[in-house]
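Descriptive analysis of the structure
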Amino acid sequence: RGAVAMHVRHGDKYLEVPVLPFEQYLAVAKRLATGSKDIPVLSPMFADSDQRFLFHPQTFANRVLFVSTEDPQVILEAAQLTRLGAEPWEVYHTLENRTNVDVATMRKQRGNGRATLESFLNLELALSADAWVCNLSSNWCQLIDELRMTVGAKASAPYVHIVWEGYQPGENCKPFHRR
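In this text, all values refer to a predicted model and were calculated from it rather than measured experimentally.

So, the overall build of the protein chain
Counting secondary structure elements, the protein chain contains five helices and five strands. If you list the helices and strands of the protein chain from N to C, you get β-α-β-α-β-α-α-β-α-β. Intrachain contacts of the protein chain at a sequence separation of at least 6 include 67% that bridge at least 24 residues. Carbon and sulfur atoms make up 55% of the accessible area of the protein chain, which totals about 10400 Å².

In structure tokens, the structure reads:
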């Protein structure tokens with residue numbers, strides 16, 4: 001109980017939007033762990049409301065984190081959190097061969113079956129959390145959001161959509177060309 005899940009989308013996502021560093025995801029997880037009541041339900045980019053998430057201040061105090069990503073560097077950064085003196089995190093992730101490449105290359109490296117099973121395992125583990133930190137420009141994060149609100153029955157639990165400060169959709173992105 002009280003786990004925070006995050007999907008740190010890197011790989012080829014830079015073709016669509018600026019990718020966010022792990023530290024930005026972690027900053028939100030830390031706010032949850034301290035019981036901050038200052039976390040908006042929706043970013044001002046998407047809503048006029050200033051509604052905040054309601055949760056008991058101790059809900060995430062145990063600092064339990066599940067990280068899914070295709071970037072092995074993110075896993076290394078998350079693993080370092082387990083060694084932080086007074087405020088260590090209990091960090092979980094799946095054991096897989098992360099290569100931070102585009103999806104097509106990853107499927108060729110692992111095979112379609114293995115890639116699918118690893119993805120579903122990450123999805124199942126993410127849905128078992130009680131809060132999420134994600135970027136909704138990722139289709140995977142959209143799926144997590146939709147499933148946690150419906151089959152997960154956790155629609156009122158904190159789901160924090162993070163973006164670059166001041167980012168406007170389509171700004172500074174490389175053109176995307178399918179091969």
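Regarding the sheet that holds strand 5 (residues 159-161)
In space, the five strands of this open sheet follow the order 3-2-1-4-5, with parallel pairing throughout. Two strands lie at the open edges of the sheet, namely strand 3 (90-92) and strand 5, each paired on one side alone. Ignoring which end each strand starts from, the neighbouring axes of this sheet average 20° apart. Bridge analysis of strand 2 (residues 64-69) against strand 3 gives three bridges, and the strand direction is parallel. If you follow Leu65 over to strand 3, its bridge partner there is Val91. Docked against the sheet, helix 1 (residues 22-33) engages strand 1 (3-8), strand 2, strand 4 (131-134) and strand 5, running at close to 165° with respect to strand 1. On top of the sheet, helix 4 (residues 112-127) reaches strand 1, strand 2 and strand 4; it is set at about 150° to strand 2, its chief contact.

Some points on empty space enclosed by the protein
Summed over all chains, the structure comprises two cavities of 30 Å³ or more. Reported here for the largest cavity is a volume of approximately 50 Å³. Forming the walls of the largest cavity are Arg9, Lys13, Val17, Pro18, Val19, Leu20, Tyr25, Asn135 and Ser137. Grouping the amino acids of the lining of the largest cavity by side-chain chemistry returns five nonpolar, two polar and two charged. As a volume, the second largest cavity reaches approximately 40 Å³. Considering the residues around the second largest cavity, the lining is formed by Ala5, Met6, His7, Phe66, Ser68, Ala126, Trp132, Val133, Cys134 and Ile144. Looking at the lining of the second largest cavity, the elements that each hand over two or more residues are strand 1, strand 2 and strand 4. Here the lining of the second largest cavity is composed, by residue class, of eight nonpolar, two polar and no charged.

Examining the nonpolar core
Residues Met6, Phe22, Leu65 and Val67 are the most contacted members of the largest nonpolar core, which totals 27 residues. Per-element accounting of this core gives the leading share, seven residues, to helix 1. Excluding residues that lie within four positions of it along the chain, Val67 makes contacts with Met6, Val8, Phe22, Val74, Ile75, Ala78, Val91, Tyr92, His93 and Arg98. Membership of the second largest hydrophobic core comes to 14 residues, among which are Ala5, Val64, Cys141 and Tyr159.

Looking at the pattern of salt bridges
On inspection of all chains with the given rule, the structure shows 11 salt bridges. Where Arg9 meets Glu70, a salt bridge forms, and the shortest distance between an N and an O atom there is 2.8 Å. In this pair, Arg9 is assigned in the loop between strand 1 and helix 1 and Glu70 in the loop between strand 2 and helix 2 (72-80), connecting sequence segments 61 residues apart. A salt bridge links Glu96 to Arg98, with the shortest nitrogen-to-oxygen separation between them at 3.7 Å. With a relative accessible area of 17%, Glu96 lands in the buried category. Judged by its relative accessible area of 9%, Arg98 falls in the buried class. Taken together, the shared-partner salt bridges connect Glu96, Arg98, Arg110, Arg114 and Glu118 into one network.

So, the packing of aromatic side chains
According to the stated counting rule, one finds one aromatic pair in the structure shown. Judged by centre distance (5.3 Å) and plane angle (70°), the ring pair of Phe55 and Phe60 falls under edge-to-face. The exposure class assigned to Phe55 is buried, which follows from its relative accessible area of 9%. The cationic tip of Lys37 hangs over the ring face of Phe55; the distance from NZ or CZ to the ring centre is 4.7 Å.

The rules behind these values
Residues numbered from 1 in each chain as written. Predicted model: local features only at pLDDT ≥ 70, side-chain atom pairs only at ≥ 80, totals over all residues. Heavy atoms only, no water. Helix = DSSP H or I, 4+ residues; strand = E, 2+ residues; numbered from the N terminus. Contact = heavy atoms within 4.5 Å. Areas by Shrake-Rupley, 256 points an atom, 1.4 Å probe, with all protein chains shown as cover. Pairing = 2+ DSSP bridges. Axes fitted to C-alpha atoms, helices over the stretch in contact; angles between N-to-C directions. 1 Å grid on protein atoms, 1.4 Å probe; cavity = no way out; pocket = protein on both sides within 12 Å on 5 of 7 lines; lining within 4 Å. Points joined across faces, edges and corners; volume = space filled by probe spheres on them. Nonpolar A, V, L, I, M, F, W, Y, C, P; charged D, E, K, R; others polar. Core = buried A, V, L, I, M, F, W, Y, C linked by side-chain atoms within 4.5 Å. Buried < 20%, exposed > 50% of the residue type's maximum accessible area, 1.4 Å probe, protein only. Salt bridge = Lys/Arg side-chain N within 4 Å of Asp/Glu carboxyl O. Phe/Tyr/Trp six-rings, centres within 6.5 Å; stacked < 30°, edge-to-face > 60°. Lys NZ or Arg CZ within 6 Å of the ring centre and 35° of its normal.

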